[in-house]
Amino acid sequence: GENVEQHPSTLSVQEGDSAVIKCTYSDSASNYFPWYKQELGKRPQLIIDIRSNVGEKKDQRIAVTLNKTAKHFSLHITETQPEDSAVYFCAASLFGNEKLTFGTGTRLTIIP
Amino acid sequence: GAVVSQHPSRVICKSGTSVKIECRSLDFQATTMFWYRQFPKQSLMLMATSNEGSKATYEQGVEKDKFLINHASLTLSTLTVTSAHPEDSSFYICSARDGQGSYEQYFGPGTRLTVT
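Read on for a plain summary of the structure. Numbers given to residues run from 1 along each chain, matching the order in which its sequence is written. Lettering for chains starts from A, numbering for ligands starts from 1, and both go in the order in which the items are written. Local features in this predicted model are restricted to residues of pLDDT 70 or higher, and side-chain atom pairs are both shown and tallied only at a pLDDT of 80 or more, whereas totals for entire chains, interfaces and linings draw on every residue. To obtain the side-chain values, all non-hydrogen atoms of the structure were used and water was disregarded.

## With respect to the environment of I21(B)
Residue and element names in this part refer to chain B. Just so we agree on the cut-off: Strands here mean DSSP runs of E at least two residues long; helices mean DSSP runs of H or I at least four residues long; both are numbered from the N terminus. Buried residues are those whose accessible area, probed at 1.4 Å on protein chains only, stays under 20% of the maximum for their type, while exposed residues exceed 50% and partly exposed ones sit between those limits. The contact criterion used throughout is that any non-hydrogen atoms of two residues lie within 4.5 Å.
Here I21 shows up in strand β3 (residues 19-25). Overall, I21 belongs to the buried group, its relative accessible area being 0%. The spacing of I21 and L74 is 53 residues in sequence and 16 Å in space, taken between C-alpha atoms. Dropping the residues within four chain positions of it, I21 is found in contact with Q6, H7, P8, W35, S77, T78, L79, Y92 and T111.

Rendered as structure tokens:
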């Protein structure tokens, strides 16, 4: 089955700087890669996703890049703000299967 | 976006008792729902895929007789933790996709189960 690895497990960034979180996946058939933000005790919230037919997607301060050949994808957050502090999870799935395999999570702390 | 609810949000039960958790899609129909378990400071681990009108598909290592799943309608799936033990204490989250061409899965708010 699919295996998703995520790094780093913790990340501290000065407010205003950029944060990058990286994930690798094992199943070359996976074609959908969402990123979720989860605050303590709350549900995961989708912040951005990318399908395998594109290499990059951007939404304001958040961007995701995908390298299908290397089987890795990354989340980029620019101009970080204190409210960006949370745990971020990457995931991978095969559309039609719908099962999401999650990475191990990154605890992001924005230092004011 | 689509809304998924869960009930209860928190439950405390005694060891040996059973607990039922409901997951509802409020404004869409979901032929498939998913149940996850999340231990503190850990990732979401898929327990099972709940299929409307048929048996659930359990992930390896998940006891189907302990975690009973019923998906009786297109908007409701239930997870029953039978003969709960303290090690079953966890955050249980369901999710569903509305199947209208979107890849996005919508998560419920989760249920924190504490077994004493």
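## Section: the packing of aromatic side chains
Convention followed: Centre distance within 6.5 Å is the pairing criterion for rings of Phe, Tyr and Trp, where only the six-membered ring of Trp is used; planes under 30 degrees apart are then read as stacked, over 60 as edge-to-face, and the remainder as tilted. Charge over a ring is defined by NZ of Lys or CZ of Arg lying within 6 Å of the ring centre and within 35 degrees of the ring normal.
Taken as a whole and assessed by the stated rule, the structure comprises 12 aromatic pairs over all chains. Residues F33(A) and F73(A) carry aromatic rings whose centres are separated by 4.9 Å and whose planes lie at 45° to one another, so their mutual orientation is tilted. In this pair, F33(A) sits in strand β4 (residues 32-38) while F73(A) sits in strand β8 (residues 72-77), placing the two residues 40 residues apart along the sequence. Residue F33(A) shares its accessibility class with F73(A), and that shared class is buried. Taking NZ or CZ as reference, K66(B) lies 5.9 Å from the ring centre of F67(B), over its face.

## Some remarks on the pattern of salt bridges
Side chains bearing opposite charge may pair, as long as their charged atoms lie close to each other. Residue and element names in this part refer to chain A. Worth spelling out the cut-off: Any Lys or Arg side-chain nitrogen found within 4 Å of a carboxyl oxygen on Asp or Glu counts as a salt bridge.
Taken as a whole, this structure holds six salt bridges over all chains when the rule is applied. Note that E39 and K37 form a salt bridge whose closest N and O atoms lie 3.9 Å from each other. A relative accessible area of 39% means that E39 is categorised as partly exposed. Take K37: its relative accessible area is 17%, and that puts it in the buried class. Taking the shortest distance from any N to any O, the salt bridge between R61 and D84 comes out at 2.9 Å. On the criterion of sequence distance, the pair formed by R61 in the loop between β6 (56-59) and β7 (62-67) and D84 in the loop between β8 and β9 (86-92) is long-range, its members being 23 residues apart. Using a relative accessible area of 6% as the deciding quantity, one classes D84 as buried.

## Section: the state of the cysteines
Quick note on the threshold: Cysteine sulfur atoms that pair up within 2.5 Å are treated as a disulfide.
Inspection of every chain in the model, using the stated rule, returns two disulfides over all chains. Across the disulfide, C23(A) is cross-linked to C90(A) (sulfur-sulfur distance 1.9 Å). With the S-S dihedral at roughly -100°, the linkage between C23(A) and C90(A) falls on the left-handed side. Here C90(A) lies in strand β9 and C23(A) lies in strand β3 (residues 19-25), a separation of 67 residues in the sequence. The pair formed by C23(A) and C90(A) is uniform in burial state, with each residue classed as buried. Disulfide pairing places C23(B) opposite C94(B) at an S-S distance of 2.0 Å. In this structure the cystine formed by C23(B) and C94(B) twists about its S-S bond by roughly 80°; its chirality is therefore right-handed. Here C23(B), found in strand β3, pairs with C94(B), found in strand β9 (residues 90-97); they are 71 residues apart in sequence, far enough to count as distant. A relative accessible area of 0% places C23(B) in the buried class. Assessed through its relative accessible area of 0%, C94(B) is described here as buried. Between C13(B), a free cysteine, and C94(B), which holds the nearest cysteine sulfur, the sulfur-to-sulfur gap is 18 Å.

## Points about the pairing of β3(B)
All names here are of chain B. Convention followed: Should DSSP find at least two bridges between two strands, the strands are regarded as paired.
Residues of β3 alternate between two faces, with V19, I21, C23 and S25 buried on one and K20, E22 and R24 left unburied on the opposite face. The pairing of strand β1 (residues 4-7) with β3 spans four bridges and is classified as antiparallel. Each residue of the ladder has a partner; that of H7, found in β3, is E22. As judged from the six bridges shared by β3 and strand β8 (residues 76-81), these two strands associate in the antiparallel manner. Looking at β8, one finds that I21 is bridged to L79.

## Let's talk about the interface of chain B and chain A
Here is the rule: Two parts placed together each lose some accessible area; with a 1.4 Å probe, that loss summed over both constitutes the buried area. Any pair of nitrogen or oxygen atoms within 3.5 Å is treated as a polar contact; in protein, a donor-acceptor pairing is required on top of that, and neighbouring residues in sequence qualify only through side-chain atoms on both sides.
Facing 24 residues of chain B, the contacting portion of chain A comprises 19 residues. Of the roughly 1,900 Å² buried at the junction of chain B and chain A (both faces included), carbon and sulfur atoms supply 57%. Together, R97(B), Y103(B) and F107(B) form the three largest contributors to the area buried by chain B at its contact with chain A, with a combined 36%. On inspection of chain B and its partner chain A, the count reaches one salt bridge. Put simply, chain B and chain A have five residue pairs in polar contact (both at pLDDT 80 or more) between them.

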